[in-house]
Amino acid sequence: MSTTAVAPLTIEDAELLVASARRAAEEAGVTVSVTVLDAGGHLLAFRRDDRAVLISGETSTRKAYTALQLNAATAELVDAVQPGGLFHTLPTALDRPLLFIAGGVPVHRDGRLIGAIGVGGGAPDQDHGFATAAVQALV
């Protein structure tokens, strides 16, 4: 049985993700925090602007963690955590709290999950757009 190796998310990749998300946010006139995690959930890069809301750093980290754990953009998971949704009880079942607000996006390479980015500080749809733009810049 052979397996194909997939290049991991590097620090250079993470820095590109942060810079791309920041650039997209600045073009929109928004100040954000950005977190990038590798496939194991380890922090690779983080940026918080002093003008950002203080909680935006924790928010961006939890968004990235949620996207990584569920391998899905957090924007796609909002309905699943509502009462009666597929993941309604999931946030209390894990060691680390998840955050189901748009702005967390998984990062894939060659079809495999290699990490995640989380953006916090703007409106949810803006954060999702900034994170998505960053991932597209990596490809």
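Our structure's up above, just so we're on the same page.
Just so it is clear, the model here is predicted, and its values are computed rather than measured.

About the thresholds
Residues numbered from 1 in each chain as written. Predicted model: local features only at pLDDT ≥ 70, side-chain atom pairs only at ≥ 80, totals over all residues. Heavy atoms only, no water. Helix = DSSP H or I, 4+ residues; strand = E, 2+ residues; numbered from the N terminus. Expected span 1.5 Å × (residues − 1). Buried < 20%, exposed > 50% of the residue type's maximum accessible area, 1.4 Å probe, protein only. Arc of directions from axis to C-beta. Contact = heavy atoms within 4.5 Å. Pairing = 2+ DSSP bridges. Axes fitted to C-alpha atoms, helices over the stretch in contact; angles between N-to-C directions.

S.K.: Looking at this model, I keep getting lost on helix α1 (residues 11–27). Mind explaining?
M.R.: Helical geometry: 3.6 residues make up each α-helical turn, so side chains three or four residues apart lie on a common side. Relative to the 24 Å expected for 17 residues at 1.5 Å per residue, α1 spans 24 Å between its end C-alpha atoms, a close match to the ideal helical length. Among all positions in α1, only Asp13, Ala14, Leu17, Val18, Ser20, Ala21, Ala24 and Ala25 are buried. Take α1 and look down its axis: the buried residues cluster within an arc of 165 degrees, on one side only. In α1, the exposed positions angled more than 90 degrees off the buried face are occupied by Glu12 and Glu27. Residues of α1 that are buried sit in contact with β1 (33–38), β2 (43–48), β3 (104–109), β4 (112–120) and α3 (124–138). After α1 finishes, the residue glycine 29 shows a positive phi value of roughly 75 degrees.

S.K.: Which parts of the structure should I look at to understand the sheet that holds β4?
M.R.: Either a parallel or an antiparallel arrangement is found when strands of a sheet pair, and the pairing is made through backbone hydrogen bonds. Across the sheet, which stays open at both edges, the 4 strands sit in the order β2-β1-β4-β3 with antiparallel pairing between neighbours. Both outer strands of the open sheet, β2 and β3, are each paired with one neighbouring strand and no more. Along the sheet, successive strands turn relative to each other by an average axial angle of 15 degrees, direction set aside. Pairing geometry for β1 and β2, over 5 bridges, is antiparallel.

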